[in-house]
Amino acid sequence: MMANGGKHIYCVIKTDEVRNFGSIGIGGQGDEVCTVPHRDIAAVVSDSPVISYSSLNKEDLVRQLAAHQSVVEQVMKDYTVLSIKFGTIARDVENVKEILKKAYTDFKSALEKMDNKVELDVVALWSDLNSTFQEIGEKKEIKEFKQEIMRKPTDQTYEDRINSGKMVKSVLDEKRNRCATEILEVLKEEAEDFRSHPLMDDSMIMNTAFLINRSKEKEFEQKVNQLNEKYREKIDFRIVGSLPPYSFSTMEVRTVEFEAVDAARKALGLDDEATMFEIKEAYRDLTHKCHPDENPDDIHAMEQFKRVSEAYKMLTYYCQHYKYSFREADVKNFVMVKVLELPESP
């Protein structure tokens with residue numbers, strides 16, 4: 001039985017059973033990971049203090065994230081999982097049930113889309129980046145430009161050397177994009193979907209997550225092996241997975257605290273209910289009065305401008321789904337669920 005306190009939510013799965021996955025929780029002190037069911041879906045949770053993960057140092061944050069993912073991947077062995085954004089903490093079990101109830105349709109729909117699917121991440125890297133740069137340096141226009149630079153006094157070549165570097169970088173980018181496109185055309189034939197992620201450095205050609213039906217995992221891996229043979233000694237391939245479909249269905253669950261909404265309402269001078277028009281009008285009137293440009297030497301006006309701006313941001317977030325009541329009971333029942341937008345390569 002889980003003790004009172006916050007509940008860290010790892011994922012949502014399709015089951016109506018109460019199940020204990022063991023003492024594998026994020027706390028690292030034998031916290032039990034259990035399901036909290038609602039109808040035919042359930043949240044996988046464990047005890048957690050109600051903390052702000054943004055306040056943790058990098059080492060602790062990485063350790064906690066790894067523990068979170070470890071639980072999700074353990075649950076994945078038996079279920080299709082809908083990963084919940086790391087750091088999502090409900091107040092208690094009843095709050096977990098309320099989240100499942102409010103977002104039941106969204107969770108159920110996402111689970112159906114991800115049914116029997118996994119994520120495979122493919123990273124392609126230049127086998128020898130220095131050799132690649134040397135190859136680029138042998139191109140006629142770059143070689144001739146470098147020879148021209150060498151004929152000048154060193155103190156007159158600063159801009160030319162910068163432009164030379166830009167030329168090499170441009171050719172490298174073109175070469176990378178061409179190879180990445182060729183690789184993607186082959187691999188996406190076996191995939192349901194794909195997401196491109198940021199490249200970490202010049203050695204990386206592609207960093208892409210592929211959504212794969214479990215029945216096609218072997219075929220997909222064979223495609224990667226074929227590419228590895230084709231680009232032998234030029235490009236190295238790495239596959240990470242099978243993983244939960246983090247890049248395709250990680251869900252962000254947002255709630256708001258009544259105290260924060262109430263403080264924002266008061267900062268804008270609003271009643272217990274307001275329309276979006278009234279919120280915007282209050283914001284415009286107040287910011288006009290306390291804008292720093294209108295009060296350059298008034299510290300209090302600057303502080304008020306900041307409070308009003310933060311209040312407006314809070315209320316427009318809260319009201320974006322046409323929820324205009326600021327009464328405590330209504331605020332505490334507010335839940336918003338959406339697929340987390342992950343960064344992609346430019």
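Residues numbered from 1 in each chain as written. Predicted model: local features only at pLDDT ≥ 70, side-chain atom pairs only at ≥ 80, totals over all residues. Heavy atoms only, no water.

*Asks:* When you look at empty space enclosed by the protein in this model, what are you seeing that I'm missing?
*Replies:* Over the atoms rolls a probe the size of a water molecule, and in doing so it shows where empty space is left. Per the counting criterion, the structure on display carries one cavity of 30 Å³ or more. Looking at the largest cavity, its volume works out to about 30 Å³. In this structure, the largest cavity is lined by I9, V12, A43, I84, V96, I99, L100, F107 and V253. In terms of residue class, the lining of the largest cavity is built from nine nonpolar, no polar and no charged. (1 Å grid on protein atoms, 1.4 Å probe; cavity = no way out; pocket = protein on both sides within 12 Å on 5 of 7 lines; lining within 4 Å. Points joined across faces, edges and corners; volume = space filled by probe spheres on them. Nonpolar A, V, L, I, M, F, W, Y, C, P; charged D, E, K, R; others polar.)

*Asks:* Sorry if this is basic, but what is going on with the packing of helix α4 (residues 129–137) against helix α6 (residues 158–187) here?
*Replies:* Where α4 meets α6, the axes come as close as 10 Å, and the angle between the chain directions of the two elements is 110°. Between α4 and α6, the angle is such that the two are roughly perpendicular. Crossing geometry of α4 relative to α6 is assigned as right-handed. Across from T132, F133, E135 and I136 in α4, the residues of α6 making contact are V168, V171, L172 and K175. When grouped by side-chain class, the residues that make up the contact of α4 with α6 number five nonpolar, one polar and two charged. (Axes fitted to C-alpha atoms, helices over the stretch in contact; angles between N-to-C directions. Helix = DSSP H or I, 4+ residues; strand = E, 2+ residues; numbered from the N terminus. Parallel < 35°, antiparallel > 145°, perpendicular 65-115°, else oblique. Left-handed = near helix turned anticlockwise from the far one by under 90°. Contact = heavy atoms within 4.5 Å.)

*Asks:* Help me understand the pairing of strand β9 (residues 204–213) in this model?
*Replies:* For a regular strand, the rule is simple: side chains alternate between the two faces of the sheet. For β9, a buried count of ten out of ten residues is recorded, marking the element as mostly surrounded by other parts of the structure. Bridging between strand β7 (residues 117–126) and β9 involves nine bridges; their strand directions are antiparallel. Paired with L125 across the two strands is M204, which belongs to β9. The sheet contact formed by strand β8 (residues 193–196) and β9 spans four bridges and is antiparallel. Counterpart to S196 in the pairing with β9 is T208. (Buried < 20%, exposed > 50% of the residue type's maximum accessible area, 1.4 Å probe, protein only. Pairing = 2+ DSSP bridges.)

*Asks:* Looking at this structure, how should I read helix α7 (residues 217–230)?
*Replies:* It helps to recall that an α-helix has 3.6 residues per turn; residues three or four apart then point in one direction. Over its 14 residues, α7 extends 20 Å from the first C-alpha to the last, a length consistent with the 20 Å expected when each residue adds 1.5 Å. Among the residues making up α7, those that are buried are E217, F220, K223, V224 and L227. Along the long axis of α7, the arc covered by the buried residues comes to 125°, so they all point the same way. Residues of α7 that are exposed and angled more than 90 degrees away from the buried face: K218 and Q226. Those residues of α7 hidden inside the fold are in contact with β7, α6, β9 and β10 (235–243). (Expected span 1.5 Å × (residues − 1). Arc of directions from axis to C-beta.)

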